[in-house]
Amino acid sequence: MKQTTAKTTTTKTVKPAASAAKPATGTKPVPSAKPTASAKPTAAIPEKKIKVLFATTEAFPFAGTGGLGEVVGSLPKALNRLGVDARVIMPLYGSIPRKYRDKMQYIGNMRVWVGWRNQYCGVFRIDNDGVTTYFVDNEQYFLRDSIYGQHDDGERFTFFSRAVLECIPMLDFTPDIIHSNDHATALIPTFYKACYALMYGHTGIKNVFTVHNLEYQGCYPPHILGDVMGLGEDMRGVVDFNCQVNCVKSAIESADSVTTVSPTYAEEILRPDRAFGLSDILNRNRSKLVGILNGVNVEEYDPETSPFIAKNFNAEDPSGKAECKRALKKELGLEGDRPIIAVISRLAGHKGLDLVKGALCRNSYAFENADLVVLGTGERYLEDFFRYHASCHANSRALITFDKSLAQRIYAGADIFLMPSATEPCGLSQMMACRYGTIPIVRKTGGLADSIKDCRAGGGNGFVFEDYTVEALEATVADAVRMYGDKTEWSALMQRAFACDFSWNASARKYLELYKDLLKK
Ligand code: GLC
């Protein structure tokens, strides 16, 4: 494999140790005279930084398809602000924008075994926005037109998982913790325990595995255990589930800690009807399961500074929101003075869009006095349905595309944000909507239940319904549209939405506690 996917420099830059050159911030300069035995130390010895390596197949701003990319794009930064040394490692996809590739620095290359195959693996590095990210290069595996859904995903992600562990000695960074995320990096804890735990340069590393969505488990035919993963039959019990290799199941068995992205989802997935087959495995490993609610990148999703919206605004002076609504209506050709209900989502049935479709199909009274704006791509039947609905209703728009700046214009200009998911491990959009004073209507599940409280019960930052039925959705939408008509009540509700703290601060602290506890064990 060639090393041409990023600008290469063959020299490895070794930076001088900062501590040798200047004293750590906050410490007094050390006097040149030798201290006497009785002299008191002038500063406490700084606590050793915890080193965490996030292994991921998505991280913004480099590459991503959704929530996982958002999380890995912002959690390491938040951890670094707390004094952690958190770094990221991901594949070097062909789609990573040129402006980042040009800044990458070549670290080195090696060969990685993938079963009997011996594959090239280049390693690059970039320091961007307070976080170091390493890239694993292999054009055969990663120069593709999409991240997932390739015929050889089992082999590609086995390669990546092995490469993460193999390249550690090359990084000048031995992590205390490897934090893997979702099915594509789920083999790392298993490979670590089976092949690397006793290896020089790898001992003592703890493995954290985060489930962002249990629905996707990385299931492959059983023969890949030896042929691709290079593991012996003795590992079959750990890796197999229902006669298939199941990467997420093997991570749950092998990791030192299993986290998921909200406390409610952590409870839900212990139930057989919510665990996509893995409830027994999760119950058996219950003691290592925790739910930590995600945050959002509050700098990126900030109506006060966003360059994408017609007029900036904030909680103290939300008047710019009306301007944003006017601009959005003009952009989409909407007329009249109705509340705008927005859906910004992957268009999938389980995101609750089957319910929305059900309501719209019967010309629901609830949507009559509102405009509907749908933004997203996804399942074909839903893309077609929303396009069709928009073509025959003057108050409906379907924007079948993935466009982050348009998303911000919609968050800013809409009044109500609809997210009636059947299951939702965390969900980030409901939090982003609150940042823009756009009131979420959610179903009570997973992270939606943890982040949005029903204003009809007093207080609350949105509307929450429980039954996954068209009727329950309609009744809630109707209540929201009615309440929108009462300007005093609505602006109090908007203030409560603005006031929510969905930054990473609290969540990053919880991860830090978890890392500290693990390292004590
Ligand atoms: C997945 C989940 C979503 C979560 C995101 C980030 O995309 O479906 O609920 O917010 O991961 O953890």
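Quick note: structure is the one above.
For clarity, every value in this text was computed on a predicted model and none was experimentally measured.

(A) Looking closely at the nonpolar core. Of all hydrophobic cores here, the largest spans 172 residues; its most connected members are Leu79, Phe367, Ile410 and Tyr515. Among the elements that line this core, the one with the most residues is helix α18 (residues 470-484), at nine residues. If we skip the residues at most four places from it in the chain, leucine 79 touches Phe54, Val84, Ala86, Ala508, Tyr511, Leu512 and Tyr515.

(B) Helix α13 (residues 353-361), seen in detail. When α13 is considered as a whole, its buried residues turn out to be Leu353, Leu355, Val356, Ala359 and Leu360. Down the axis of α13, the sector holding all buried residues measures 155°, keeping them to one side. On its buried side, α13 packs onto β13 (340-344), β14 (371-375), α14 (380-392), β16 (416-419), β18 (463-465) and α18. A positive phi of about 45° marks asparagine 363, the residue just after α13.

(C) Just the packing of aromatic side chains, in detail. Tallied over the entire structure, the rule returns 16 aromatic pairs. Ring centres of tyrosine 106 and phenylalanine 124 lie 5.3 Å apart, and the angle between their planes is 55°; this geometry places the pair in the tilted category. Of this pair, tyrosine 106 sits in strand β3 (residues 105-114) while phenylalanine 124 sits in strand β4 (residues 117-128), and the two are 18 residues apart along the sequence. Per residue, the accessibility class of tyrosine 106 equals that of phenylalanine 124, and both read buried. Taken together through their ring pairs, the aromatic side chains of Tyr93, Tyr141, Phe142, Phe159 and Phe160 make up a single cluster. The lysine or arginine in question, lysine 357, covers the ring of phenylalanine 385, its NZ or CZ lying 5.6 Å from the ring centre.

(D) Structural view of the layout of surface pockets. Considered as a void within the structure, the largest pocket measures approximately 1100 Å³ in volume. Taken together, 40 residues make up the lining of the largest pocket; nearest its centre are Thr65, Gly66, Gly67, Arg346 and Lys351. At the level of elements, α2 (67-81), α15 (404-413) and α16 (429-435) are the ones that each hand at least two residues to the lining of the largest pocket. Take the lining of the largest pocket: its biggest share by element is four residues, from α2. Of the residues assigned to the lining of the largest pocket, the class counts are 17 nonpolar, 15 polar and eight charged.

(E) Highlighting the packing of helix α5 (residues 153-166) against helix α6 (residues 188-196). At a closest axis distance of 10 Å, the pairing of α5 and α6 adopts a crossing angle of 55°. Relative to α6, the element α5 is oriented oblique. Considering how the two elements wind past one another, α5 and α6 form a crossing that is right-handed. Of the residues in α6, those touching α5 at Thr158, Ser161, Arg162, Val164, Leu165 and Glu166 are Ile188, Phe191, Tyr192, Cys195 and Tyr196. When grouped by side-chain class, the residues that make up the contact of α5 with α6 number seven nonpolar, two polar and two charged.

(F) Layout of unusual backbone geometry. Look at the link from phenylalanine 60 to proline 61: it is a cis peptide, with omega at 10°. Within the element layout of this structure, proline 61 appears in the loop between β1 (51-55) and α2. A positive phi is found at aspartate 182, a non-glycine position, where the angle reads about 65°. With respect to the secondary-structure elements, aspartate 182 resides in the loop between β6 (177-181) and α6. For phenylalanine 276, which is not a glycine, the phi torsion comes out positive at approximately 50°. Within the secondary structure layout, phenylalanine 276 lies in the loop between α10 (263-268) and α11 (279-284).

Parameters at a glance
- Residues numbered from 1 in each chain as written.
- Predicted model: local features only at pLDDT ≥ 70, side-chain atom pairs only at ≥ 80, totals over all residues.
- Heavy atoms only, no water.
- Core = buried A, V, L, I, M, F, W, Y, C linked by side-chain atoms within 4.5 Å.
- Buried < 20%, exposed > 50% of the residue type's maximum accessible area, 1.4 Å probe, protein only.
- Helix = DSSP H or I, 4+ residues; strand = E, 2+ residues; numbered from the N terminus.
- Contact = heavy atoms within 4.5 Å.
- Arc of directions from axis to C-beta.
- Phe/Tyr/Trp six-rings, centres within 6.5 Å; stacked < 30°, edge-to-face > 60°.
- Lys NZ or Arg CZ within 6 Å of the ring centre and 35° of its normal.
- 1 Å grid on protein atoms, 1.4 Å probe; cavity = no way out; pocket = protein on both sides within 12 Å on 5 of 7 lines; lining within 4 Å.
- Points joined across faces, edges and corners; volume = space filled by probe spheres on them.
- Nonpolar A, V, L, I, M, F, W, Y, C, P; charged D, E, K, R; others polar.
- Axes fitted to C-alpha atoms, helices over the stretch in contact; angles between N-to-C directions.
- Parallel < 35°, antiparallel > 145°, perpendicular 65-115°, else oblique.
- Left-handed = near helix turned anticlockwise from the far one by under 90°.

Geometric values such as these leave the question of function open.
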